[in-house]
Amino acid sequence: MDDNLPDLVRIGLRARELRGGLGLTLDELASRSHVSRSMLSEVERGNRSPTVLVLDRIATGLGTTLARLLRPEESGHSTGRGKSVVLRHRDQDVLRDPSGWERRILNPVLPGVEFEFMRTTLGPGVDAGIFDAHGPGSREYLAVESGSLSLSLDGTTIALAAGDSIYYGGDCAHGFSNPEDEPCVYYLVMDVSGHGARPVTAR
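Residues numbered from 1 in each chain as written. Predicted model: local features only at pLDDT ≥ 70, side-chain atom pairs only at ≥ 80, totals over all residues. Heavy atoms only, no water.

### Here we look at the overall build of the protein
Along the backbone of the protein there are five helices and ten strands. Classification of the 203 residues of the protein by burial places 48% in the buried group. If you take every contact in the protein between residues at least 6 apart in sequence, the share linking residues at least 24 apart comes to 65%. Summed over its atoms, the accessible surface of the protein is roughly 10200 Å², and 49% of this surface lies on carbon and sulfur atoms. (Helix = DSSP H or I, 4+ residues; strand = E, 2+ residues; numbered from the N terminus. Buried < 20%, exposed > 50% of the residue type's maximum accessible area, 1.4 Å probe, protein only. Contact = heavy atoms within 4.5 Å. Areas by Shrake-Rupley, 256 points an atom, 1.4 Å probe, with all protein chains shown as cover.)

### As for the pairing of strand E2 (residues 101-105)
Looking along a regular strand, one sees the side chains alternate between the two faces of the sheet. In terms of burial, E2 is a largely internal element, five of the five residues being buried. Residue alternation in E2 divides its side chains into two sets, Trp101, Arg103 and Ile105 and Glu102 and Arg104, and both sets are buried. Across four bridges, the pairing between strand E1 (residues 94-97) and E2 is antiparallel. Bridge assignment links leucine 95 to a residue of E2, and that residue is arginine 103. Two successive antiparallel strands, E1 and E2, enclose a turn made up of three residues, where glycine 100 displays a positive phi of approximately 110 degrees. Two elements, E2 and strand E3 (residues 115-122), share five bridges in a ladder whose sense is antiparallel. For tryptophan 101, the partnering residue across the bridge sits in E3 and is leucine 122. (Pairing = 2+ DSSP bridges.)

### Quick look at the sheet that holds strand E6 (residues 148-153)
If you walk across this open sheet you meet the four strands as E4-E9-E6-E7, and the pairing is antiparallel. A single partner strand is all that each edge strand has here, and the edge strands are strand E4 (127-131) and strand E7 (156-161). Mean inter-strand twist for the sheet, computed between neighbouring axes without regard to direction, equals 15 degrees. Here six bridges tie E6 to E7, and the two strands are oriented antiparallel to one another. (Axes fitted to C-alpha atoms, helices over the stretch in contact; angles between N-to-C directions.)

### Details of the side chain of arginine 68
By the element assignment, arginine 68 lies in helix H5 (residues 66-70). Only 2.8 Å separates the side chain of arginine 68 from the side chain of glutamate 73, close enough to count as a polar contact. The contact partners of arginine 68, leaving out residues within four places of it in the chain, are Arg14, Leu18, Glu73, Val109, Leu110, Gly112, Val113 and Glu114. (Polar contact = N/O pair within 3.5 Å; in protein donor to acceptor, adjacent residues only side chain to side chain.)

### Things to note about the sheet that holds E3
Two orientations exist for strands paired in a sheet by backbone hydrogen bonds: parallel and antiparallel. Taken together, six strands build an open sheet; the order of strands is E1-E2-E3-E10-E5-E8 and the sheet is antiparallel. Of all the strands in the sheet, just E1 and strand E8 (165-169) have a single pairing partner and so form its edges. The sheet shows a mean angle of 20 degrees between the axes of neighbouring strands, taken without regard to direction. Of the strand pairs in this sheet, strand E5 (residues 139-146) and strand E10 (residues 184-191) are connected by seven bridges, and their pairing is antiparallel. Directly across from arginine 139, in E10, lies its bridge partner aspartate 191. Packed onto the sheet, helix H4 (residues 52-61) meets E1 and E2 and runs at close to 125 degrees relative to E1.

Spatial relationships are all this shows, so hold off on functional conclusions.
Okay, here's the thing in structure tokens:
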């Protein structure tokens, strides 16, 4: 894929490529992702700038990570012993939501690895919304660097302060909000390996 394409076009092409690889129609992906068919179509054509939450729901519907939706796999790299991939700060993908928060993707996309490492900043009083459940057996690990975080897991709220960390199953609805008047920064590691969406059988 041409890295010089505008971001919206690149994201749209990635979404269409991943959907096609799974053999999903727009209607099927809409059902999986809880994103309307019209929105999916607009995103794939690069005509609509979706929120971070919508992009995450599309990635979840595709059984993959937001990182894989944003960029192709690193070519020429494997996950074998002694291998390394440096992702410079300037090359990391950063998504900024108009509601006042941003997500920085810290991991490269590697073949066969469904893993994501993120640094998220929530502005004062910002609610990032509720994120859909990932596949069964998915795991998430979170650590708060600064500020306060209100974490919602299937409707149960857990208050976290700077220095706190938590593990939880990613196969539940989860939400993130900042109840205070100062920014909240936290790191999130997500592992959905082996739980991607399966190709549909041809009719």
